[in-house]
Amino acid sequence: MSVKQNIKNLSQDDLFEFIKNHKQPAYRAEQIRLALYKQKIEDFDEISNIPKSFREELQNNFDIFSIKIKTVRESSDGSVKFLFDLNDNNSIEAVYMPWYDNEDEKLERQTLCISTMAGCSVDCAFCATGKLGFKRNLESSEIIDQIILVEKYLRTKITNIVYMGMGEPFLNYSNTIKSLEILTDPNFELFSRKKITVSTSGIAPRITQFATSPRPVKLAISLHATDDKTRDYLIPMNKTFNLEVLMNSVEDYYKATKIPITYEYILFKDLNDTKEDIKRLTKIARRVPSRVNLIPFNDISFTNPIGPANTLKSANRQEMEVFAEELRKNQIPTIIRETFGGDIEAACGQLALSEEVKKVYNFS
Ligand code: SF4
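Residues numbered from 1 in each chain as written. Predicted model: local features only at pLDDT ≥ 70, side-chain atom pairs only at ≥ 80, totals over all residues. Heavy atoms only, no water.

Participant: Account for unusual backbone geometry, with residues named and values stated.
Facilitator: One non-glycine residue, K23, lies in the positive phi region at around 55°. Along the chain, the position of K23 falls in the loop between α1 (12-21) and α2 (28-37). Judged by its relative accessible area of 74%, K23 falls in the exposed class. Its identity as a non-glycine residue notwithstanding, E189 has a phi of 50°, on the positive side. Relative to the helices and strands, E189 is located in the loop between α6 (173-183) and β10 (196-200). Under the relative-accessibility criterion, E189 is labelled exposed at 57%. (Helix = DSSP H or I, 4+ residues; strand = E, 2+ residues; numbered from the N terminus. Buried < 20%, exposed > 50% of the residue type's maximum accessible area, 1.4 Å probe, protein only.)

Participant: Please provide a residue-by-residue account of the site of the ligand, values included.
Facilitator: Residues in close proximity to the ligand total 11 residues, the closest being C120, D123, C124, C127 and G167. By residue class, the composition of the shell around the ligand is six nonpolar, four polar and one charged. (Near = heavy atom within 4 Å. Nonpolar A, V, L, I, M, F, W, Y, C, P; charged D, E, K, R; others polar.)

Participant: I'd love a proper account of the pairing of strand β13 (residues 290-295), names of residues and values included.
Facilitator: Summarising burial for β13: five of the six residues are buried, a large majority. In this sheet, β13 lies alongside strand β12 (residues 261-266) in parallel orientation, the contact comprising six bridges. Counterpart to Y263 in the pairing with β13 is V292. On the question of chirality, the crossover connecting β12 to the parallel β13 by way of helix α10 (residues 275-285) is right-handed. Sheet analysis places β13 next to strand β14 (residues 334-336), joined by three bridges and oriented parallel. Note on β14: the bridge partner recorded for V292 is T334. (Pairing = 2+ DSSP bridges. Right-handed = clockwise from strand over helix to strand, strands pointing away.)

Participant: Which residues make up the domain arrangement of the protein, and what values do they have?
Facilitator: Often, the extent of an interface is quoted as the loss of accessible area on bringing the components together. Taken as a whole, the protein is organised into domain 1 (5-63) and domain 2 (67-361). Taken together, the 11 residues of domain 1 in the interface contact 15 residues of domain 2. Of the roughly 1200 Å² buried between domain 1 and domain 2 on both sides combined, carbon and sulfur atoms contribute 51%. Interface area lost by domain 1 to domain 2 is led by N9, Y37 and K40, which between them contribute 48%. Across the domain 1-domain 2 interface, the total number found is five salt bridges. Between domain 1 and domain 2 we count six residue pairs in polar contact (both at pLDDT 80 or more) in total. Per-element tally for the side of domain 1 that touches domain 2: the top contributor is α2, with five residues. For the side of domain 1 that touches domain 2, the per-class residue count stands at three nonpolar, two polar and six charged. (Domains from an automatic or database assignment. Contact = heavy atoms within 4.5 Å. Buried area = accessible area lost by both parts, 1.4 Å probe. Salt bridge = Lys/Arg side-chain N within 4 Å of Asp/Glu carboxyl O. Polar contact = N/O pair within 3.5 Å; in protein donor to acceptor, adjacent residues only side chain to side chain.)

Participant: So, the environment of I64: which residues are in play, and what are the values?
Facilitator: Note on placement: I64 falls in the loop between β2 (62-63) and β3 (67-74). Expressed as a C-alpha distance, the spacing of I64 and F340, which sit 276 residues apart in the sequence, is 31 Å. With sequence-adjacent residues up to four places away left out, I64 is seen in contact with N6, I7, K8, L36, I41, E42, D43, F44 and D145.

Participant: Any details on helix α9 (residues 243-257)? Residues and values, ideally.
Facilitator: Taking 1.5 Å of rise per residue, the 15 residues of α9 would be expected to cover 21 Å, and the 21 Å separating its terminal C-alpha atoms lies within 8% of that figure. Turning to α9, its buried residues number three or more, namely L243, L246, M247, S249, V250, Y253, Y254 and T257. Considered in projection along α9, the buried side chains sweep an arc of 160° and stay on one side of the axis. Against α7 (204-211), β11 (218-222), α8 (228-234), β12 and α10 lie the buried residues of α9. Near the N-terminus of α9, the side chain that reaches the backbone nitrogen of E244, with its oxygen 3.2 Å away, is that of N242. (Expected span 1.5 Å × (residues − 1). Arc of directions from axis to C-beta.)

Participant: Tell me about the packing of aromatic side chains, residues and numbers included.
Facilitator: Counted by the stated rule, this structure contains 11 aromatic pairs. Taken together, a centroid distance of 5.1 Å and an interplanar angle of 45° make the contact between Y37 and F188 tilted. Of this pair, Y37 sits in helix α2 while F188 sits in the loop between α6 and β10; the two residues are 151 residues apart in sequence, bridging distant segments of the chain. Overall, the relative accessible area of 1% leaves F188 in the buried class. Through successive ring pairs, a cluster of aromatic residues spans F170, Y173, F210 and Y253. (Phe/Tyr/Trp six-rings, centres within 6.5 Å; stacked < 30°, edge-to-face > 60°.)

The following block contains the structure:
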């Protein structure tokens, strides 16, 4: 892959500057941006409404894509996992998940779970990505190109985006916001704000800041525990922004946006599944309009974890049903989220980690 600058990383001002330096009218900027994001061009020669000589200048100076698909794995449940190569040999993942209507089995929505970092610095006890360590933040082009390349590969239109893949979006705040500005720009007709969810492990100051960003989207909190001791153990970030600090920022977010919150809650056997947890989770979820997604734990024993992750066990389906029913009795909307791609290492970081293990140990 060449190492020219990626055009999608240029700010509006930088693009105007380039255009001005090449003695082109200012409206070329909008023509280029529409071609990149609406038409989703693969070559500058496809921009037929700008002069050939200027197309050549673009070609000489910029790349259009910043990542390329390395591996694709299709699951029997319809989900597809993509492993991408970055320019510097790091890898990231995205997972496509089709959702069907229960009654007439019509394809209802097509969700793509995307990454914001190569690896992750947060190191949650239950997460394979955390075991990779932090490699680097993704550029906004690398965030957006996951969507464009998957749409091209699958020849489909993704309907929903979740920032829930590798990395903590709010520790790559400026590029997460830049990518959201493109994805929700009405000129490009890509996604409405209601179709995008950003999931965070709880970077409280950024949640407060996000509340006042120009186009905030839906927010999911990776909660997973209802008391600080358990949350410290599962999500080390809780030692910096504890539950009370986190909840205050969630209130800020709701006050400013009026968008209900989703709490993600992996139900672990004998850890966060007690009657006290139901009481505390109810109290948390009542602070602002919210719903709870209960999630089964994806085993990460293949990472050979040490410490807490070694002892984590998922609650079984019946235990999840009971926990969900108790929350519903307390008027908390609760669903049990289906897992996708058990046969293709679809949980966050699993495929990238297994590829990394192969690289280190020279497995094919
Ligand atoms: S769950 Fe998210 S924040 Fe935690 S280590 Fe994994 S990628 Fe990072």
